[in-house]
Amino acid sequence: MSLLEVKDINQYYGGSHILRNVSLTAELGQVTVVLGRNGVGKTTLLKSLMGLVPIKSGSITLDGESIAGTTPYERARRGVGFVPQGREIFGRLTVHENLQMGLATKKGGTPIPAELYELFPVLKQMLGRRGGDLSGGQQQQLAIARALAAGPKLLILDEPTEGIQPNIIKDIGKVIRMLADRGNMAIVLVEQYYDFAEALADRYLVMERGEVIASGPGSEMAEKGVRQLVAI
Ligand SMILES: Nc1ncnc2c1ncn2[C@@H]1O[C@H](COP(=O)(O)OP(=O)(O)OP(=O)(O)O)[C@@H](O)[C@H]1O
Ligand SMILES: [Mg+2]
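### A look at the site of ligand 1
- The environment of ligand 1 is made up of 13 residues, and the closest members are Asn-38, Gly-39, Lys-42, Thr-43 and Thr-44.
- In the model, an oxygen atom of ligand 1 is placed 3.2 Å from a nitrogen or oxygen of the Val-40 main chain.
- Relative to its free-state accessible area of 640 Å², ligand 1 is covered by the protein chains to the extent of 58%.

In structure tokens form, the structure reads like this:
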């Protein structure tokens, strides 16, 4: 059994059929990368996993239990961490307060795991600073740390490299690999930066117009011509 099993989900925005029978699995210890051009439904897929948009049909199970009808809060409580596209950190709250928001599903007074500052040392120096005053790359690291605060089993990231400088992209890639290699977390990464995606992918899926049109082991991405499939 995979940690996450998504089977034939369909989603609509009004009359527009956005996700068409999308299926995927995510395994503990692995990075599953979802690629696809702009507007194909990648973010909608992640929002469906998180419960931020309703699905019309299909199933989503986490650890063998259906979560399809549950709220985002309940999914967070059950171990889904979400790093949204564009980061969506709280600009007027401090870094420390942003991290505390990641603990909303935990008992009051639960401390922020010290490990987050080992993963992202810059955050420790900036605890009292407002989120909105951080650079884009620092905000991305904050968004990832916030998602990690509650110790998720499934971490979902939506284009974490978007608009980020190369040295921070490298650091984020290292953290993602390290988290997966520990073996107790499954990672679903939506990414349009092909080289970053290929370097991290244990499995890949390519989406086009709401459908999965290709998938396989990450090691086969080059020979299957995935770069060309998603080239703009
Ligand atoms: N709230 C919404 N209401 C109506 N249509 C929407 C909404 N959000 C997205 N869409 C449409 O759904 C389709 C899929 O959008 P989505 O954001 O999932 O794509 P994406 O693959 O994440 O794109 P990008 O790479 O630009 O982030 C697009 O046609 C988009 O215009
Ligand atoms: Mg998107």
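That covers the picture; the talk isn't over yet.
### Overview of the sheet that holds strand 3 (residues 31-35)
- Strand order in the open sheet made by the six strands is 6-7-8-3-9-10, with mixed pairing throughout. Each edge of the sheet is formed by a strand with only one pairing partner; in this case those strands are strand 6 (80-83) and strand 10 (211-217). Across the sheet, the mean angle from the axis of one strand to that of its neighbour is 15°, orientation sign disregarded.
- Sheet topology places strand 3 next to strand 9 (residues 203-208); four bridges connect them, and they run parallel. Paired with Leu-35 across the bridge in strand 9 is Val-206.
- Contacts from helix 1 (residues 42-50) reach strand 3, strand 6, strand 7 (154-158), strand 8 (186-190) and strand 9, with the element oriented near 150° to strand 7.
- The sheet contacts of helix 7 (residues 166-181) involve strand 3, strand 7 and strand 8, and relative to strand 8 the element is tilted by about 150°.

### Some remarks on the layout of surface pockets
- Volume-wise, the largest pocket comes out at about 600 Å³.
- Those elements that provide at least two residues to the lining of the largest pocket are helix 2 (72-77), strand 6 and helix 6 (136-148).
- For the lining of the largest pocket, the element with the highest residue contribution is helix 2, accounting for four residues.
- Grouping the constituent residues of the lining of the largest pocket by class yields 14 nonpolar, five polar and five charged.

### Notes on the side chain of Gln-140
- One can find Gln-140 in helix 6.
- Leave out the neighbours within four places in its chain, and Gln-140 touches Val-83, Arg-87, Glu-159, Pro-160, Ile-164 and Ile-172.

### A look at the coordination of the magnesium ion (ligand 2)
- Of the protein atoms, only Thr-43 (OG1) and Gln-85 (OE1) coordinate the magnesium ion (ligand 2), at distances of 1.9 to 2.2 Å. Placement of Thr-43 in helix 1 and of Gln-85 in the loop between strand 6 and helix 3 (95-101) is noted, with a sequence separation of 42 residues between them.

### Some remarks on the pattern of salt bridges
- Counted according to the given criterion, the structure contains 10 salt bridges.
- In this structure, Asp-181 engages Arg-177 in a salt bridge whose closest nitrogen and oxygen atoms are separated by 3.2 Å. Taken as a pair, Asp-181 and Arg-177 lie in helix 7 at a separation of four residues, close to a single helical turn.
- Classification of Asp-181 as exposed rests on a relative accessible area of 54%.
- Ionic contacts of the salt-bridge type, sharing partners, join the residues Glu-65, Glu-74, Arg-77 and Arg-78 into one network.

### Concerning helix 6
- A rise of 1.5 Å per residue sets the reference length of helix 6, with its 13 residues, at 18 Å; its end C-alpha atoms lie 18 Å apart and thus fit the reference within 8%.
- The buried fraction of helix 6 is high, at 12 of 13 residues.
- Close packing links the buried residues of helix 6 with strand 6, helix 3, helix 4 (115-119), helix 5 (121-125), strand 7 and helix 7.

What counts as what
- Numbers given to residues run from 1 along each chain, matching the order in which its sequence is written.
- Chains and ligands are labelled sequentially in the order written, the chains with letters from A and the ligands with numbers from 1.
- Local features in this predicted model are restricted to residues whose pLDDT is 70 or higher, and side-chain atom pairs enter the listing and the counts only when it is 80 or higher, whereas totals over whole chains, interfaces and linings include all residues.
- The side-chain values count all of the structure's non-hydrogen atoms but skip hydrogen atoms and water molecules.
- Here, proximity means that at least one heavy atom of the residue falls within 4 Å of the molecule or strand.
- Throughout this description, a polar contact denotes any pair of N or O atoms lying within 3.5 Å of each other; where both atoms belong to protein, one of them has to be capable of donating a hydrogen while the other can accept it, and for residues adjacent in sequence the pair is counted only when both atoms sit in side chains.
- Exposure was quantified through the Shrake-Rupley algorithm and a 1.4 Å probe, taking into account, for residues, occlusion by the shown protein chains and nothing else.
- By the convention used here, strands pair only if DSSP detects at least 2 bridges between them.
- The way it works is that DSSP assigns letters per residue, a run of H or I at least four long becomes a helix, a run of E at least two long becomes a strand, and they are numbered from the N terminus.
- Whenever a helix is involved, its axis is fitted only over the stretch in contact; in every case the axis is a line through C-alpha atoms, and angles between N-to-C directions fall within 0 to 180 degrees.
- Pairs of residues are marked as contacts when any of their non-hydrogen atoms sit within 4.5 Å.
- The rule is simple: put a 1 Å grid over the protein atoms alone, call a set of points where a 1.4 Å probe fits but cannot get out a cavity, call an open set with protein on both sides within 12 Å along at least five of seven lines a pocket, and count a residue as lining if it has an atom within 4 Å of a point.
- Grid points are joined across faces, edges and corners, and a volume is the space filled by probe spheres set on the points.
- Ten residue types, Ala, Val, Leu, Ile, Met, Phe, Trp, Tyr, Cys and Pro, are classed as nonpolar, four, Asp, Glu, Lys and Arg, as charged, and the remainder, Gly among them, as polar.
- Note: metal donors comprise N, O and S atoms at 2.8 Å or less from the metal (3.2 Å for Na, K and Ca); water molecules are not included, so apparent gaps in a site are possible.
- Definition used for salt bridges: Asp or Glu carboxyl oxygen within 4 Å of a side-chain nitrogen of Lys or Arg.
- Each residue gets one of three labels from its accessible area relative to the maximum for its type: buried under 20%, exposed over 50%, partly exposed in between, using a 1.4 Å probe on protein chains only.
- Given the number of residues in a helix, its expected span is that number minus one, multiplied by 1.5 Å.

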